[in-house]
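Observations on the three-dimensional arrangement
Take a look at the letters that make up each chain.
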Amino acid sequence: MKRILCALLSALLLLTLTACGGKKPAEDPSVQPPVEQPDPPDSPAPSEAEQSLADLRETIRAAGAVLGWLPSKAFTVTGRLAQRNISRSKRRTSNTAAALFVGVAIVSCLGVVATSAKASVNSLVDTGLKADFAVSSASAGQIPDQAIKDIKKVDGVNHVVSNRVVLGVKYDGKAINGFTFATQPELFTKIFAAETTEGDAAAALKDGKLLVGKTIADDRGWHVGQKVKATAENIVVDKEATAKAQADYQAKVQAHVQELQSQAQQLAASGDSAGAQAKASEIEQYTNDAKNVDPKTLVKTKKVTTGKTLTIGAIVSNSVYRDFAIVNDDLAEQIGNKQTMFVMQAFVTDKRGADTAQVKKALKKTIKKYYTIVVFDRDEYKSTMSSMIDQMLMVLYALLALSIIIAIFGIVNTLALSVSERTKEIGLLRAIGTSRGQVRGMLGIEAAIISVFGTVLGLVVGVAAGVVIRAVYASEGLETLAIPWLQLLVFLLLSIVVGLVSSISPASRALKQPVLDAVASE
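Residues numbered from 1 in each chain as written. Predicted model: local features only at pLDDT ≥ 70, side-chain atom pairs only at ≥ 80, totals over all residues. Heavy atoms only, no water.

Attention shifts here to a positive patch on the surface. A cluster of basic side chains, namely Lys 149, Lys 152, Lys 153 and Lys 338, defines a positive patch on the protein surface. Mapped onto the elements, Lys 149 comes out in helix α6 (residues 145-152). (Patch = residues over 30% accessible without salt bridge, like charges linked within 9 Å, V, L, I, M, F, W, Y side chains within 5 Å. Areas by Shrake-Rupley, 256 points an atom, 1.4 Å probe, with all protein chains shown as cover. Salt bridge = Lys/Arg side-chain N within 4 Å of Asp/Glu carboxyl O. Lys, Arg positive; Asp, Glu negative; His and termini not counted. Charge placed at Lys NZ, Arg CZ, Asp CG, Glu CD. Helix = DSSP H or I, 4+ residues; strand = E, 2+ residues; numbered from the N terminus.)

Let us now look at empty space enclosed by the protein. Tallying each qualifying case throughout the model produces two cavities of 30 Å³ or more. Counted as a void, the largest cavity has a volume near 60 Å³. Those elements that provide at least two residues to the lining of the largest cavity are α5 (90-127), α14 (378-421) and α17 (485-502). Looking at the lining of the largest cavity element by element, the count peaks at four residues for α17. Taken together, the residues of the lining of the largest cavity sort by class into seven nonpolar, two polar and no charged. (1 Å grid on protein atoms, 1.4 Å probe; cavity = no way out; pocket = protein on both sides within 12 Å on 5 of 7 lines; lining within 4 Å. Points joined across faces, edges and corners; volume = space filled by probe spheres on them. Nonpolar A, V, L, I, M, F, W, Y, C, P; charged D, E, K, R; others polar.)

Right, let's talk about the environment of Ala 474 for a bit. Considering the arrangement of structural elements, one finds Ala 474 in the loop between α16 (436-472) and α17. By relative accessible area, which is 23% here, Ala 474 ends up partly exposed. With 357 residues separating them in the primary sequence, Ala 474 and Ala 117 have C-alpha atoms 9.9 Å apart. (Buried < 20%, exposed > 50% of the residue type's maximum accessible area, 1.4 Å probe, protein only.)

Leu 129, Phe 188, Ile 191 and Leu 211 are the most contacted members of the largest nonpolar core, which has 24 residues in total. Secondary-structure elements contributing two or more residues to this core are α5, α7 (186-191), α8 (201-206), β8 (301-316) and α14. The dominant element in this core, judged by the number of residues it contributes, is α8, at four residues. Contact partners of Phe 188, with chain neighbours within four places excluded, come to Ala 193, Ala 194, Ala 201, Ala 202, Leu 205, Leu 211, Tyr 321 and Ile 326. (Core = buried A, V, L, I, M, F, W, Y, C linked by side-chain atoms within 4.5 Å. Contact = heavy atoms within 4.5 Å.)

Once that is clear, we can look at the pairing of strand β4 (residues 179-183). Counting buried residues in β4 gives four out of five residues, a clear majority hidden from the surface. The pairing of β4 with strand β9 (residues 324-328) spans five bridges and is parallel. Its bridge partner being in β9, Phe 179 is matched across the sheet by Phe 324. (Pairing = 2+ DSSP bridges.)

Listed below in structure tokens is the structure:
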């Protein structure tokens, strides 16, 4: 998940830079669009700004011709008018489409990355994972050791491989950019095979050697056969300090009891039998409280640095293992202790010929008493991983919704300016017989073309960026490229709806003005 999140953040950064770099200056709506004039024969070469404006005009003209072709055929009059009007104010059209472009580009890019991530996870599970079940916990990822023992006793279970995280391990005095975990050789032979650039993973783990992911090996310059010093700070019970604390507590209790007894004797000697009896009861209560004190409160601990020199036995290149240092259980117990190690995940294979459904039912019954532990079969495991990615995508869809709202206001503003500038023209069209529906249709098609223009550009740029990012992170686990075509089609159809909705207000404003007043306006 860390690699997927990095890929999503990279996609967001790339699209943000692209959007900022391609932003055009805003046009003053009070200024009428200039009439294009041909350059005189002896005019100097156009400046960079002029050339950019010329390129923009050509882009808008081409986009209007392409996107307006179908409406012009379906609606001969209104379609052609809308197609022509798009080319009147090219810079305004591009600025209006920019808001939708940015949002669609970001979401489509991250959609490609997320879909590729889900496809890659599914591919890993389908082609690499041999386990029939995966066991995990919602309690900070910790699975009790007793739960693993109980799972091994379930009828129909063949192998159980548990992966334990070992916290705080340093190699040659420096922490690695990853994690250390302990496992059994069956992880590579029964659960998920390891691909190595050097050495044999299963044999090295069995021989008590250190396995290193390729990312870590490249970062530290390690190679097979090299020796490294693994150390960890462990918190252990300080027996001497604990014994002293217990002795001090007992002495304190005895001293206080003796003091209370002396007070009771003095009260009895003075004839205060009631006071003496009260003191006796106080002594009894205090003694009982001292006996029931929690022994853990008297335990003293200390930090102890343990270490062991390890030999690198293999370098693993799988995307699944490349960010880990892996040791067997015996080495892990020599480096860490129960306070710094916990089972993070376990994988289970059933016996050949066993009923998988019955084994799953038995596993769930066995772990029911542990509350937070969950058993997944292969399909459920894939679904769980995909749902985690979908949760991240919900934020992206919120971004898209925000960009759509901004785009609606932009299109409404652009059409309102366009209607204001073309008041006389619209009045003449109505005077010669253009119906109210045709005026609404013209403005609706115009708005839809602007909206589709921004969406198509966003889709093209976003998908291209997503493909590039997927390729960059291919070695980190995003091995499968998947493009969400249905999602992109929904975006495209939604852009048409956005355009039509945006045209309602400007069209109503254009039709409110009487025809004669509109014709007489300047």
